[in-house]
Amino acid sequence: MAAIRKAKATQHAALAALLAMGGIAIAGPSGLLAWSENLRLLDQRQAQLAEIEAEREALENRVALLHPDAADPDMVGELLRSQLNVVHPNEVVITLED
């Protein structure tokens, strides 16, 4: 009788362990229920990455236009006007009220 009880206890323990592992596989942090949330976060992060890469490309282009050896005159003029508030003598400044 003791051997039968011991075998049944071992079977119950094994069943409990299998059920616990199954529960973790379904509802755990990387289980089936979290799969859609992880996919949503992945899509969100990929969109953020694409936005940052586009911004980086724009900044790289701007830096290339301001290279000291071959600066783009339009870019230099734009920076002078915006940073130093200077204008060319032939230009007319029109202020707009909000």
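Residues numbered from 1 in each chain as written. Predicted model: local features only at pLDDT ≥ 70, side-chain atom pairs only at ≥ 80, totals over all residues. Heavy atoms only, no water.

### Examining the overall build of the protein
Within the protein, the regular secondary structure consists of three helices and zero strands. Going from the N terminus to the C terminus, the protein shows its helices and strands as α-α-α. Here the C-alpha radius of gyration of the protein, 33 Å, is well above what a compact globule of 98 residues would show, namely 13 Å. On the principal axes, the C-alpha backbone points of the protein span a range of 110 × 40 × 20 Å. (Helix = DSSP H or I, 4+ residues; strand = E, 2+ residues; numbered from the N terminus. Rg over C-alpha atoms; globule rule 2.2 N^0.38 Å.)

### Some points on a nonpolar patch on the surface
Together, Leu66, Val76, Leu80, Leu84 and Val86 make up an exposed nonpolar region whose accessible area comes to about 360 Å². Tracing the sequence through the fold places Leu80 in helix α3 (residues 73–84). (Patch = residues over 30% accessible without salt bridge, like charges linked within 9 Å, V, L, I, M, F, W, Y side chains within 5 Å. Areas by Shrake-Rupley, 256 points an atom, 1.4 Å probe, with all protein chains shown as cover. Salt bridge = Lys/Arg side-chain N within 4 Å of Asp/Glu carboxyl O.)

### Some words on the confidence of the model for the protein
Confidence in the prediction of the protein, expressed as mean pLDDT, is 86, and 100% of residues score 70 or more. Averaged pLDDT values for the elements of the protein fall to 84 in α3 and rise to 92 in helix α2 (residues 32–65). (pLDDT = per-residue confidence, 0-100.)

### Points about the pattern of salt bridges
For the coordinates displayed, the defined rule picks out four salt bridges. Across the pair Glu60 and Arg56 runs a salt bridge whose closest N-O atoms are separated by 3.3 Å. Note that Glu60 and Arg56 are positioned in helix α2 at a spacing of four residues, about one turn of the helix. Note on Arg56: relative accessible area 56%, which makes it exposed. As a salt-bridge pair, Arg81 and Glu91 come within 2.6 Å of each other at their nearest N and O atoms. (Buried < 20%, exposed > 50% of the residue type's maximum accessible area, 1.4 Å probe, protein only.)

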